[in-house]
Amino acid sequence: MTPTPLRAHDLLWVSEMPTATDGTPLPDWAITACRQGAPVVVRRAPRGSDGAVPVGLRGSARHERCAATVSASSITRVVSPEALAATTASIAPDAPFAALRTLRALAPKLDALGWAWGPTGGAGFALASGLPALHADSDLDLVLRMPHAPSAAQRNRLVHVLAETECRVDLQIDTGRGGFAWRDWLNSPRQALLKTDHGPHLVADPWSECV
C-alpha cells in the first residue's frame, strides 16, 4: 500500500520482520509479538536513507520495548490515534482497566474541544490489536494535535477536562513540528522539551516557526 504521511504514534502492520536499530537480532519476545500480528508504532526519529520508517516494538511486559525500523513497502495497514478515538464509544462502561474506563469518559469531552486527538500507549495498542497491553495501574496516554498555541480559555477548558480522572492521564501535545508533555508545559510555560524527529530541543515556544 501507499500510506498517507506517517506521524509519531501511528500504528503500523507490516509484512516483513522489523530490523533492530542497533543491528542486533530482535529479542525473542519481539519476534513472538510480530508473529502474533502485533502492530509497531511510529517513533520520532529521522527516516533512513532508504526511506526506512523508525518504529517501536512492544511486548506484553513493561520492560519489553525495542527500537527498530521497517521498510515503507512492507506497511500493509495504518491506524492513527484519531481513528482509535472514533471507536471509544464501543468501550464497555465496566471495562476491566481504569485506562479504558477513563478513555471512554473523556472521549466526548475531548471531542467537544475541537482538536484532533486519540489514545496512544497501551490503551491505543490494545484497542487497535486486541492484544494484552494494559494492567490494573496503567496510565492513559493520549496525543492531542494542537497546531497553534491555545488561548487562555482553551487552555483552562483542557485543564478542567483532565482535572479529575480515574487514572493518571499523560497527554502529549503534537504541534506538527514535535511533541511535548502537557503537564510539564503547564508547570513551566516559558520552557518546553519538544521531541522532534531530530532529537529533543528545549524551547521557549513549541509553536515557533523557528523550531
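Values in this document were obtained by computation on a predicted structure and should not be read as measured data.

What counts and what doesn't
Residues numbered from 1 in each chain as written. Predicted model: local features only at pLDDT ≥ 70, side-chain atom pairs only at ≥ 80, totals over all residues. Heavy atoms only, no water. UniProt positions renumbered as here; feature names shortened; annotations may be inferred. Helix = DSSP H or I, 4+ residues; strand = E, 2+ residues; numbered from the N terminus. Polar contact = N/O pair within 3.5 Å; in protein donor to acceptor, adjacent residues only side chain to side chain. Contact = heavy atoms within 4.5 Å. Pairing = 2+ DSSP bridges. Axes fitted to C-alpha atoms, helices over the stretch in contact; angles between N-to-C directions. Salt bridge = Lys/Arg side-chain N within 4 Å of Asp/Glu carboxyl O. Buried < 20%, exposed > 50% of the residue type's maximum accessible area, 1.4 Å probe, protein only.

Novice: I keep staring at the UniProt feature "domain: Phosphoribosyl-dephospho-CoA transferase MdcG C-terminal" (unreviewed entry) in the protein and nothing clicks. Help me out?
Specialist: The UniProt record marks residues 92-206 with the feature "domain: Phosphoribosyl-dephospho-CoA transferase MdcG C-terminal" (unreviewed entry), using the residue numbering of this structure. Between the C-alpha atoms that bound residues 92-206 the distance is 37 Å, and the span itself is 36% helix and 25% strand.

Novice: What should I look at first to understand the side chain of glutamate 82 in this one?
Specialist: Along the polypeptide, glutamate 82 turns up in helix H2 (residues 81-85). Within the structure, the side chain of glutamate 82 is placed 2.8 Å from the side chain of arginine 7, a separation counted as a polar contact. Apart from residues lying up to four places away in sequence, glutamate 82 is in contact with Arg7, Ala116, Trp117, Gly118 and Arg145.

Novice: Explain the environment of histidine 198 to me, please; I cannot follow it from the model alone.
Specialist: Here histidine 198 is to be found in the loop between strand S11 (192-196) and strand S12 (199-203). Residues histidine 198 and arginine 47 lie 151 residues apart in sequence; the distance between their C-alpha atoms is 9.8 Å.

Novice: Would you take a moment to explain the sheet that holds strand S5 (residues 65-70) for this structure?
Specialist: By way of backbone hydrogen bonds, the strands of a sheet pair with one another, either parallel or antiparallel. Here six strands make up an open sheet; going across it, the order is S2-S5-S4-S3-S1-S6 and the pairing antiparallel. The two strands at the open ends of the sheet, each matched to only one other strand, are strand S2 (19-20) and strand S6 (75-79). In this sheet, S5 lies alongside S2 in antiparallel orientation, the contact comprising two bridges. Along S5, the bridge assignment pairs threonine 19 with threonine 69. Against the sheet, helix H1 (residues 28-35) engages strand S4 (53-58) and S5, with an angle of about 100° to S4. Running over the sheet, helix H4 (residues 121-129) touches strand S1 (11-14), S4 and S6 and is turned about 45° from S1.

Novice: So what exactly am I meant to see when it comes to the pattern of salt bridges here?
Specialist: A side chain of one charge can pair with a side chain of the opposite charge when the charged atoms of the two come close. The final tally for this structure, using the stated rule, is eight salt bridges. With its nearest N and O atoms 2.8 Å apart, the salt bridge here joins glutamate 82 to arginine 7. Here glutamate 82, found in helix H2, pairs with arginine 7, found in the segment before S1; they are 75 residues apart in sequence, far enough to count as distant. Residue glutamate 82 is classed as buried on the basis of its relative accessible area, which comes to 19%.

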